[in-house]
Each structure stands twice: as C-alpha cells, then as structure tokens.
Amino acid sequence: MADYDVIVIGAGVGGLTAGSICARRGRRVLVLEQSDIIGGCCSTYERDGYHFDVGASIVEEIQPIEMAFETLGTTFQQEVDLIPCDPMMEFVLPGGERITYPVSVEGTGEVISRYSPEDGRNWLKFAEYFKGLTEIAMKGFFVNPASSLTDMARIMVKTPGLLKYASLFTKSYQDIVTKYFKSEEIQSTMSYQSLYVGLPPELTAGLYATIPYSEHEGIWYPRGGMIQIPAAFKRVGEKYGMEVRTDTLVKKVTVEGRRARGVVLDDGTEITSDLVISDINAKTLYLDMVGEEHLPWLARYGIKSYGYSKSVTMLYLGVDYEPPLAAHHGVVAYPLRHINDFWRNNVEKGVLPEQTIGLICWPTHEDPSLAPEGHHILSIIPECFYHLKGTDWDREKKPFIEKTIEDLSRNAVPGLADHVKFVDCATPLDFERRLLLPEGAIYDLQQDLASTIMFRPSARSRSIKGLYLAGNSTHPGGGVPLVVASGLICADLIEKYE
Ligand SMILES: Cc1cc2nc3c(=O)[nH]c(=O)nc-3n(C[C@H](O)[C@H](O)[C@H](O)COP(=O)(O)OP(=O)(O)OC[C@H]3O[C@@H](n4cnc5c(N)ncnc54)[C@H](O)[C@@H]3O)c2cc1C
C-alpha cells in the first residue's frame, strides 16, 4: 500500500486548497513545502516587529475562495477576518496630481466626471458590461476545467451569456480602454492594471480589461496578513487529517510506465502515493521532476514552448510615520502609451526605467497590528523584470532600493526617505531562490492568449496518469482567487477520475 493517497508538491494557496479538499473527501494527504513557511507568494513574514506580505497584498473576486471553504464545510468569513478596503485605489499621476476611486461604481463615476463628463457616463456602461462578464466567469469559466474543446463547450452550455463577450478574445486591453475613455488622466487610471496580468495594454487580451471594473466589486485584506488565507486552508485540512511538512524539498516525481507513483526528496527519501498534485511551475515539474524521458514528443515540445510570466521586485519598508496616502493600494500611474513604451524600451531591452511605475501597498492602513505602535508598513512593487542587460540583480539591488525610495519621496510618498527604519527587498533573483520560481515568474507561465484557458497546461496531466496540477501554471492562471479555483477544479477532477 502507498504511504499516502495524495502528495502535494508546494504549500502555496493552490496546493493547500486542493490538498485540504482531498482530505475532506477522505484521502490521506501529505503536503510538502521546501520553504520554512507556507503560502508561497501569498504569505507573511516578521522582521523587527514588522509583518510583511511576501507578494500578494489584497484579494478581490473572492467567490472561488468562498466556494472552496464551503466545500470544506465552513465559510471564508468564518475562517479569515476580512477587512474591506475602501477607497479602492489612489493613482498618483506624473505631475503629482492624485485621483482616488472609492469602491462604489457610482462614486467612481462622479470622480471621473470631474475630468470628463463623457468618460464618467462611459464608466457606468463599462462597469455594467464587465459586471455581466464577472458574474458569468465566476459561475462557469473560472471554476470549471477548461483543458479541451469539450470542456469549453460544457462551459458555454452552462453559461451561454459568455458568447456575448467573444469579441474580447480578439481585441486588446488597449482597444477596450481607449474605446470607453478619452481623457489621458482617466486612461492612466485604467491602464496600469494590464501589468497585473504581466503584459502592457497593447499586448494584453481584451478579456482582462475587466480588472479596472472587478476591483469595484470589493477588495479585502485579511487581518493578520495574507498568510491567513493559506493558514486557514492548512488548519481546516489538518482537521481532516492532512499533513503539511515545511523545509522539505521535492526533487523528483517517481514515474512508472507513464503513471505517477510518488516523489523523491532532496535527501533521497522516497514517499509513495497513488496521486501527485503539483503546485509548482509546470515547466520545472515536467522537464526537471518528471523528466523529458517520460514525456511524449508533443508534450515535450509543448511544455518547452511556454514563456515565463512577469517578475517583479518588491521593497518591504518599515516606517516611523503615517505615510501621506489615501488608500491601501496606490499606483504610480503613467499614460497608456508610456506603459507600452516601458515594455518596449525597458522590459524587452533589459534596461531599468528612469522613473518608478508600480504599486504601493499600505497594509497598516487596514491593520495597524502589523507594525509596532506609531509605525507603518509599506510594500512597494515597482514594475521590473528578470533579465538585465550587462548586469544582474545582485549588483543592482542596493542602488535600485535607494533610487526607488528617493523617487517615491519626490512625488508619490513625500517624506518617505526620512522615515524608513527597516528595509528588505526581494528581487526577481530572490523570488527565484526563495520560492523556486524560475526567472522569478510570479504567475509561473506567460498569460497571453496562447497560454491561457485550454492552451495552459491541463489540470489533469495528459502525459502522466495520476499527476494533477493546481496553482498558477494551470487554468484559470495567476492571482489568489484564481489559484484557489484551480485547487477546486483539481480536487473535483481527482474525485471524478480516481
Ligand atoms: C509580488 C506579488 C504580488 C502579488 N499580488 C497579488 C495580489 O495582490 N492579489 C492576488 O490575488 N494575487 C497576487 N499575486 C499572485 C498570487 O500571489 C499568486 O498567483 C498565488 O499566490 C500563487 O499561488 P500558487 O499556489 O500557484 O503558487 P506559489 O505561491 O508559487 O506556491 C508554490 C509553493 O511551492 C513551493 N515549492 C516550489 N518548488 C518546490 C519543491 N521542489 N518542493 C517543495 N515545495 C516547492 C514554493 O516554496 C511555494 O511555497 C502576487 C504575486 C506576487 C509575487
């Protein structure tokens, strides 16, 4: 008899969701995590009394997370104390002008109308259009397998309204934003979000133009930090017998005659199981852990063809003043064309930009307990990339931290440089080393149309029986609620086929 029914590689949110649901359904589950803490990119660590989130800084579109906890016999709200974040976002424009949007769609329309009454009216149409898509996606598209044409046909039958949005697959994010909004300032507030997906507005699929709307369905911060979400899955899973081991690196998936039989750890220990769930980068899984020799030629070719997704640098700052900001999330925003230029002139050429474009997260705005009294935390995510021309991140880290703090002090966060008491930083290279994310890819694989939905690696492996995927690398892609959806899909497929 195998040691376990299911082994999960990686205690990220995707792996813990799938593992805890399998445990609830009576399987003996072991989760193996190489790091000393759980949660992967959705985690929190403590230094000098400051509690910093490793990566993810808020959750929105929480329906899949609610569904997962209901499947586990509880509720998200019962397991995690969710603090609503309102205002939704503050945008700092190049001249220093600030635009703050509340969560309310109508309230946001009023703010936009001050810049352009026409854009204000169009915002309401934009919001109504994407509200419909969000509802449909949450019922069908995000929470069902989408690995084949048959899967897609099933989704269409379940949610025929999706057809109304077919044109979003042929248009770009930029096409949609410029259709609805004419003011340069308002376009700036709608464009940055394409970089959440990992591409500039001209290269991002129109489908993702839903993000500037979806944030208005509400964004939340878990009291105690983002780690509370994976910790809740772990806690509930353990109630059903799930075991989680940290500091345990998986080196190989054992394969016999095209069937997964367990894993081999870094120290050579072999653990057997009938089923293996991977929550790690699918390229690493198939090429390094399963091994090319076990893959049919088409699968070998297919998996090699995926590009890695975007990477970022993250600064974790402890400060001894209340930063002059208006919201949990702030964006140093630029006009739409500037973001496309950033892609062409900086990302593609490996040249760091002169000015910071990026996100400012202020968790102590919602939860003061994350910092010593009178202090605050700021997590800064300047848009960055892994490959630097003629240099590397170990050399650039220190000057980059100093330049970013100076740059933000001048415009977005006045006084910052004088109040920083603690600095930590994760460059793309650090994300690669700490979380084993190749090239620091925060969503594992690129999220262009050619790598999404049925073109993303399948949740039920087509090449290796008994091997399942959850997390960023499979449908529906990156983002905490979406990887939870992938965990649900993975556990349901196991129930159906095993
Ligand atoms: C800077 C940043 C900001 C983000 N902001 C947001 C946000 O605000 N909202 C949002 O919804 N999403 C956000 N995201 C995305 C979100 O965090 C991720 O999509 C999600 O957490 C990924 O979960 P996962 O389970 O797929 O994988 P991961 O979080 O990558 O977890 C995989 C786990 O596997 C472990 N592992 C890897 N290799 C092995 C091995 N060989 N053996 C054992 N264990 C292994 C890793 O240590 C890791 O813990 C952000 C991500 C980053 C990095």
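See above for the structure.
The following paragraphs examine the structure supplied in this document. The shown structure was predicted, so the numbers you read here are calculated from the model rather than taken from an experiment. (Residues numbered from 1 in each chain as written. Predicted model: local features only at pLDDT ≥ 70, side-chain atom pairs only at ≥ 80, totals over all residues. Heavy atoms only, no water.)

### Brief notes about the pairing of strand 1 (residues 4–9)
Of all 6 residues in strand 1, 6 are buried, a share of seventy percent or more. As judged from the 5 bridges shared by strand 1 and strand 13 (residues 270–278), these two strands associate in the parallel manner. Residue pairing across strands places Val 6 opposite Leu 275, the latter belonging to strand 13. Strand direction decides the pairing type here: strand 1 and strand 2 (residues 29–32), joined by 4 bridges, are parallel. If you follow Val 6 over to strand 2, its bridge partner there is Val 29. Crossover handedness for the path strand 1 to helix 1 (residues 13–24) to strand 2: right-handed. (Buried < 20%, exposed > 50% of the residue type's maximum accessible area, 1.4 Å probe, protein only. Helix = DSSP H or I, 4+ residues; strand = E, 2+ residues; numbered from the N terminus. Pairing = 2+ DSSP bridges. Right-handed = clockwise from strand over helix to strand, strands pointing away.)

### A closer look at the environment of Leu 435
Secondary-structure assignment places Leu 435 in helix 17 (residues 428–435). The contacts of Leu 435, once residues within four sequence positions are left out, are Gln 34, Gly 40, Cys 41, Val 54 and Asp 430. (Contact = heavy atoms within 4.5 Å.)

### A word on the site of the ligand
In the vicinity of the ligand there are 36 residues, among which Glu 33, Gln 34, Asp 279, Asn 472 and Val 480 approach most closely. Within the backbone of Val 250, an N or O atom sits 3.0 Å from a nitrogen atom of the ligand. In isolation the ligand exposes 1,000 Å². Once the protein is present, 94% of that is buried. Listing elements by their share of the shell around the ligand, those giving two or more residues are helix 1 and helix 18 (480–497). Element by element, the count of residues in the shell around the ligand is highest for helix 18, at 3 residues. Partitioning the shell around the ligand into residue classes produces 21 nonpolar, 13 polar and 2 charged. (Near = heavy atom within 4 Å. Polar contact = N/O pair within 3.5 Å; in protein donor to acceptor, adjacent residues only side chain to side chain. Areas by Shrake-Rupley, 256 points an atom, 1.4 Å probe, with all protein chains shown as cover. Nonpolar A, V, L, I, M, F, W, Y, C, P; charged D, E, K, R; others polar.)

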